[in-house]
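Here is what each chain is made of, one letter per residue.
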Amino acid sequence: AFATPHAALAQQTAQAEAAIQGTLLTISAEGKVSGRPDMATINLGVTTEAQTAQAAMAANARQAAALIAALRRAGVAERDIQTANISVNPQQQYHDNEPPVITGYQANNTVTAKIRNVDNTGRVIDAAVAAGGNTINGVFFSYQNPDAQTDAARRDAISNARHRAELYASALNMRVVRIVAVTEGGSYSPPVPMPMVRMAAAQDATPVQVGEVDTTANINVTFELR
(Lines give C-alpha, C1' and ligand atoms only; values in the text may rest on other atoms or scores of the structure.)
Protein backbone atom coordinates (compact mmCIF):
# COMPACT_ATOMS: atom_id res chain seq x y z
CA ALA A 1 0.00 0.00 0.00
CA PHE A 2 2.95 2.29 0.67
CA ALA A 3 4.94 1.40 -2.45
CA THR A 4 6.66 4.31 -4.20
CA PRO A 5 5.16 5.55 -7.48
CA HIS A 6 8.11 4.14 -9.45
CA ALA A 7 7.77 0.75 -7.80
CA ALA A 8 4.04 0.70 -8.43
CA LEU A 9 4.56 1.56 -12.10
CA ALA A 10 7.19 -1.16 -12.45
CA GLN A 11 4.83 -3.66 -10.89
CA GLN A 12 2.02 -2.69 -13.27
CA THR A 13 4.39 -2.98 -16.26
CA ALA A 14 5.53 -6.41 -15.13
CA GLN A 15 1.93 -7.54 -14.76
CA ALA A 16 1.10 -6.27 -18.25
CA GLU A 17 4.11 -8.08 -19.74
CA ALA A 18 3.18 -11.26 -17.90
CA ALA A 19 -0.30 -11.10 -19.44
CA ILE A 20 1.26 -11.27 -22.92
CA GLN A 21 1.67 -14.95 -23.70
CA GLY A 22 2.35 -14.69 -27.41
CA THR A 23 4.41 -12.64 -29.84
CA LEU A 24 3.89 -8.91 -30.24
CA LEU A 25 3.63 -7.47 -33.73
CA THR A 26 3.46 -3.72 -34.32
CA ILE A 27 2.07 -2.49 -37.64
CA SER A 28 2.32 1.07 -38.97
CA ALA A 29 -0.49 1.56 -41.46
CA GLU A 30 -1.93 4.35 -43.53
CA GLY A 31 -5.49 4.79 -44.66
CA LYS A 32 -6.52 7.01 -47.55
CA VAL A 33 -9.77 8.15 -49.09
CA SER A 34 -10.33 10.39 -52.08
CA GLY A 35 -13.32 12.53 -52.84
CA ARG A 36 -14.58 15.56 -54.68
CA PRO A 37 -14.13 18.66 -52.47
CA ASP A 38 -17.18 20.80 -51.81
CA MET A 39 -15.53 24.11 -50.91
CA ALA A 40 -13.07 26.42 -52.64
CA THR A 41 -10.99 29.14 -51.00
CA ILE A 42 -9.67 31.88 -53.25
CA ASN A 43 -7.03 34.47 -52.42
CA LEU A 44 -7.45 37.60 -54.50
CA GLY A 45 -7.26 41.34 -54.21
CA VAL A 46 -6.43 44.73 -55.62
CA THR A 47 -3.09 46.31 -56.49
CA THR A 48 -2.90 50.03 -57.25
CA GLU A 49 -0.07 52.47 -57.94
CA ALA A 50 0.25 56.22 -57.51
CA GLN A 51 2.84 58.93 -56.95
CA THR A 52 2.17 59.12 -53.21
CA ALA A 53 1.38 56.46 -50.61
CA GLN A 54 -1.84 58.26 -49.68
CA ALA A 55 -3.07 58.35 -53.26
CA ALA A 56 -2.19 54.68 -53.80
CA MET A 57 -4.07 53.68 -50.62
CA ALA A 58 -7.09 55.83 -51.49
CA ALA A 59 -7.41 54.29 -54.95
CA ASN A 60 -6.89 50.85 -53.46
CA ALA A 61 -9.59 51.38 -50.84
CA ARG A 62 -12.16 52.23 -53.52
CA GLN A 63 -11.35 49.19 -55.65
CA ALA A 64 -11.14 46.85 -52.66
CA ALA A 65 -14.57 47.97 -51.43
CA ALA A 66 -16.00 47.31 -54.90
CA LEU A 67 -14.38 43.88 -55.00
CA ILE A 68 -15.77 42.88 -51.59
CA ALA A 69 -19.23 44.08 -52.59
CA ALA A 70 -19.00 41.97 -55.76
CA LEU A 71 -18.08 38.90 -53.71
CA ARG A 72 -21.18 39.40 -51.57
CA ARG A 73 -23.40 39.81 -54.62
CA ALA A 74 -21.91 36.61 -56.04
CA GLY A 75 -23.14 34.71 -53.00
CA VAL A 76 -20.10 34.69 -50.70
CA ALA A 77 -21.26 35.14 -47.10
CA GLU A 78 -19.88 37.93 -44.92
CA ARG A 79 -18.33 35.39 -42.52
CA ASP A 80 -16.46 33.80 -45.42
CA ILE A 81 -14.60 36.96 -46.49
CA GLN A 82 -11.46 37.80 -44.52
CA THR A 83 -8.70 40.34 -45.08
CA ALA A 84 -5.39 38.56 -45.59
CA ASN A 85 -3.00 41.43 -46.27
CA ILE A 86 -2.88 45.22 -46.54
CA SER A 87 0.37 46.88 -47.55
CA VAL A 88 1.89 49.90 -49.26
CA ASN A 89 5.45 49.91 -50.55
CA PRO A 90 7.65 52.36 -52.41
CA GLN A 91 8.58 51.59 -56.00
CA GLN A 92 12.26 52.28 -56.57
CA GLN A 93 14.62 52.62 -59.50
CA TYR A 94 18.25 51.59 -59.15
CA HIS A 95 21.26 53.00 -61.00
CA ASP A 96 24.91 52.09 -60.74
CA ASN A 97 26.71 53.78 -57.86
CA GLU A 98 23.65 55.85 -56.98
CA PRO A 99 21.12 55.56 -54.18
CA PRO A 100 17.69 54.20 -55.20
CA VAL A 101 15.10 56.73 -56.31
CA ILE A 102 11.45 56.39 -55.25
CA THR A 103 9.26 56.67 -58.35
CA GLY A 104 5.88 55.97 -56.73
CA TYR A 105 4.01 53.71 -54.36
CA GLN A 106 2.15 50.43 -54.71
CA ALA A 107 -0.74 49.50 -52.42
CA ASN A 108 -2.17 45.99 -51.99
CA ASN A 109 -5.31 44.69 -50.32
CA THR A 110 -5.81 40.93 -50.40
CA VAL A 111 -8.75 38.89 -49.10
CA THR A 112 -9.56 35.21 -48.83
CA ALA A 113 -13.06 34.09 -49.71
CA LYS A 114 -14.63 30.70 -49.05
CA ILE A 115 -17.01 29.51 -51.75
CA ARG A 116 -19.28 26.88 -50.24
CA ASN A 117 -20.87 26.03 -53.58
CA VAL A 118 -17.73 24.87 -55.31
CA ASP A 119 -19.40 24.87 -58.74
CA ASN A 120 -19.70 28.69 -58.54
CA THR A 121 -15.95 29.23 -58.17
CA GLY A 122 -15.38 30.44 -61.73
CA ARG A 123 -18.31 32.86 -61.61
CA VAL A 124 -17.15 34.32 -58.29
CA ILE A 125 -13.68 34.91 -59.70
CA ASP A 126 -15.15 36.61 -62.76
CA ALA A 127 -17.35 38.85 -60.61
CA ALA A 128 -14.36 39.90 -58.51
CA VAL A 129 -12.23 40.70 -61.56
CA ALA A 130 -15.05 42.66 -63.19
CA ALA A 131 -15.31 44.77 -60.03
CA GLY A 132 -11.63 45.72 -60.11
CA GLY A 133 -9.78 42.77 -58.65
CA ASN A 134 -6.48 42.44 -60.47
CA THR A 135 -4.55 39.97 -58.29
CA ILE A 136 -5.39 36.28 -58.00
CA ASN A 137 -2.96 34.27 -55.88
CA GLY A 138 -4.56 30.84 -56.07
CA VAL A 139 -7.54 28.60 -55.50
CA PHE A 140 -7.53 25.87 -52.86
CA PHE A 141 -10.07 23.07 -52.53
CA SER A 142 -11.17 21.39 -49.29
CA TYR A 143 -14.16 19.92 -47.44
CA GLN A 144 -16.70 21.78 -45.38
CA ASN A 145 -16.85 18.72 -43.09
CA PRO A 146 -13.31 17.28 -43.11
CA ASP A 147 -14.02 15.03 -40.10
CA ALA A 148 -16.15 12.70 -42.20
CA GLN A 149 -13.26 12.16 -44.63
CA THR A 150 -10.77 11.72 -41.79
CA ASP A 151 -12.97 9.10 -40.10
CA ALA A 152 -13.20 7.17 -43.37
CA ALA A 153 -9.40 7.29 -43.68
CA ARG A 154 -9.08 6.02 -40.09
CA ARG A 155 -11.33 3.06 -40.84
CA ASP A 156 -9.24 2.30 -43.91
CA ALA A 157 -6.05 2.47 -41.83
CA ILE A 158 -7.46 -0.01 -39.29
CA SER A 159 -8.50 -2.36 -42.09
CA ASN A 160 -5.03 -2.17 -43.64
CA ALA A 161 -3.33 -2.82 -40.30
CA ARG A 162 -5.56 -5.83 -39.62
CA HIS A 163 -4.93 -7.25 -43.10
CA ARG A 164 -1.17 -7.01 -42.71
CA ALA A 165 -1.28 -8.54 -39.23
CA GLU A 166 -3.24 -11.49 -40.58
CA LEU A 167 -0.70 -11.85 -43.39
CA TYR A 168 2.25 -11.93 -41.01
CA ALA A 169 0.48 -14.30 -38.66
CA SER A 170 -0.27 -16.70 -41.50
CA ALA A 171 3.34 -16.58 -42.68
CA LEU A 172 4.47 -17.42 -39.13
CA ASN A 173 1.90 -20.22 -38.72
CA MET A 174 0.27 -18.20 -35.97
CA ARG A 175 -3.00 -16.35 -35.51
CA VAL A 176 -3.98 -12.88 -34.36
CA VAL A 177 -5.34 -13.13 -30.83
CA ARG A 178 -6.06 -9.52 -29.96
CA ILE A 179 -5.06 -5.91 -30.31
CA VAL A 180 -2.82 -4.80 -27.47
CA ALA A 181 -2.44 -1.09 -28.28
CA VAL A 182 -3.39 1.51 -30.88
CA THR A 183 -1.82 4.92 -31.37
CA GLU A 184 -2.75 7.46 -34.00
CA GLY A 185 -0.46 9.68 -35.99
CA GLY A 186 -1.49 12.88 -37.71
CA SER A 187 -4.12 12.83 -40.42
CA TYR A 188 -3.66 15.07 -43.42
CA SER A 189 -6.00 16.42 -46.04
CA PRO A 190 -3.86 18.64 -48.24
CA PRO A 191 -5.48 21.53 -50.04
CA VAL A 192 -5.39 21.20 -53.80
CA PRO A 193 -4.05 24.41 -55.35
CA MET A 194 -4.89 25.67 -58.79
CA PRO A 195 -1.93 27.99 -59.35
CA MET A 196 -3.20 29.74 -62.43
CA VAL A 197 -6.68 30.87 -63.38
CA ARG A 198 -7.29 31.31 -67.10
CA MET A 199 -9.79 34.04 -67.92
CA ALA A 200 -12.39 32.92 -70.45
CA ALA A 201 -14.52 35.01 -72.77
CA ALA A 202 -16.74 37.59 -71.10
CA GLN A 203 -19.93 35.58 -71.59
CA ASP A 204 -18.46 32.40 -70.02
CA ALA A 205 -17.37 31.64 -66.47
CA THR A 206 -13.68 31.01 -65.86
CA PRO A 207 -13.16 27.23 -66.14
CA VAL A 208 -12.21 25.67 -62.80
CA GLN A 209 -11.37 21.99 -62.44
CA VAL A 210 -12.22 20.76 -58.94
CA GLY A 211 -10.58 17.33 -59.11
CA GLU A 212 -10.26 15.22 -55.95
CA VAL A 213 -8.67 15.69 -52.53
CA ASP A 214 -6.90 12.84 -50.71
CA THR A 215 -7.26 12.47 -46.95
CA THR A 216 -4.88 10.18 -45.07
CA ALA A 217 -4.70 8.80 -41.54
CA ASN A 218 -1.74 7.01 -39.94
CA ILE A 219 -1.89 4.56 -37.03
CA ASN A 220 0.35 2.15 -35.13
CA VAL A 221 -1.34 -1.05 -33.95
CA THR A 222 0.24 -3.69 -31.74
CA PHE A 223 -1.20 -7.18 -32.11
CA GLU A 224 -0.61 -10.28 -30.04
CA LEU A 225 0.07 -13.41 -32.08
CA ARG A 226 0.03 -16.99 -30.80
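Extensive coverage of strand β8 (residues 213-225) is indicated by the burial of 10 of its 13 residues. The sheet contact formed by strand β6 (residues 176-184) and β8 spans seven bridges and is antiparallel. Each bridged residue has a counterpart across the sheet, and for Ile 179 the counterpart in β8 is Phe 223.

Before going further, it helps to examine the environment of Thr 52. Within the secondary structure layout, Thr 52 lies in the loop between β2 (39-50) and α2 (53-73). We classify Thr 52 as partly exposed; its relative accessible area is 42%. Separated by 50 residues in sequence, Thr 52 and Ile 102 have C-alpha atoms that sit 9.9 Å apart.

Spatially, β1-β8-β6 is the arrangement adopted by the three strands of the open sheet, whose pairing is antiparallel. For this open sheet the edge positions go to β1 (23-35) and β6, each flanked by a neighbour on one side alone. Each neighbouring strand pair of the sheet contributes to a mean axis angle of 30°, computed without reference to strand direction.

Let us now look at the pattern of salt bridges. Pairing between side chains of opposite charge can happen when the charged atoms of each approach one another. A full pass over the atoms with the stated rule returns eight salt bridges. Where Arg 154 meets Asp 151, a salt bridge forms, and the shortest distance between an N and an O atom there is 2.7 Å. One end of the pair is Arg 154 and the other is Asp 151, both in helix α4 (residues 146-171) and three residues apart, which spans about a single turn. Classification of Arg 154 as partly exposed rests on a relative accessible area of 31%. Residue classification places Asp 151 among the partly exposed positions, given a relative accessible area of 33%.

Counting 21 residues, the largest nonpolar core has Ile 42, Leu 67, Leu 71, Val 76 and Phe 141 as its most contacted members. Secondary structure elements with two or more residues in this core: β2, α2, β4 (98-115), α3 (121-130) and β5 (135-142). Per element, the largest residue contribution to this core is four residues, and it comes from β2. Contact partners of Val 76, with chain neighbours within four places excluded, come to Leu 71, Ile 81, Ala 113, Lys 114, Ile 115 and Val 124. By size, the runner-up hydrophobic cluster in this structure holds 12 residues, among which are Ile 27, Ala 29, Ala 165 and Val 176.

A few words on α4. Within an α-helix, residues lying three or four positions from one another point in the same direction, as the helix has 3.6 residues per turn. When the terminal C-alpha atoms of α4 are compared, their 38 Å separation across 26 residues agrees well with the 38 Å that a helix rising 1.5 Å per residue should span. At its buried positions, α4 is contacted by β1, β6 and β8. Downstream of α4 by a residue or two, Asn 173 has a phi angle that is positive, lying close to 55°.

Looking now at the side chain of Asn 60. In this fold, Asn 60 is placed in helix α2. Ignoring anything within four residues of it in the chain, the contact list for Asn 60 reads Val 46, Thr 47, Thr 48, Ala 107, Asn 108 and Asn 109.

Time to look at a nonpolar patch on the surface. A cluster of nonpolar side chains, Met 57, Ile 86 and Val 88, forms an exposed patch at the surface whose accessible area comes to about 230 Å². Looking at the element boundaries, Met 57 is found in helix α2. Residue classification places Met 57 among the partly exposed positions, given a relative accessible area of 31%.

Procedures and definitions
Residues numbered from 1 in each chain as written. Predicted model: local features only at pLDDT ≥ 70, side-chain atom pairs only at ≥ 80, totals over all residues. Heavy atoms only, no water. Buried < 20%, exposed > 50% of the residue type's maximum accessible area, 1.4 Å probe, protein only. Helix = DSSP H or I, 4+ residues; strand = E, 2+ residues; numbered from the N terminus. Pairing = 2+ DSSP bridges. Axes fitted to C-alpha atoms, helices over the stretch in contact; angles between N-to-C directions. Salt bridge = Lys/Arg side-chain N within 4 Å of Asp/Glu carboxyl O. Core = buried A, V, L, I, M, F, W, Y, C linked by side-chain atoms within 4.5 Å. Contact = heavy atoms within 4.5 Å. Expected span 1.5 Å × (residues − 1). Patch = residues over 30% accessible without salt bridge, like charges linked within 9 Å, V, L, I, M, F, W, Y side chains within 5 Å. Areas by Shrake-Rupley, 256 points an atom, 1.4 Å probe, with all protein chains shown as cover.

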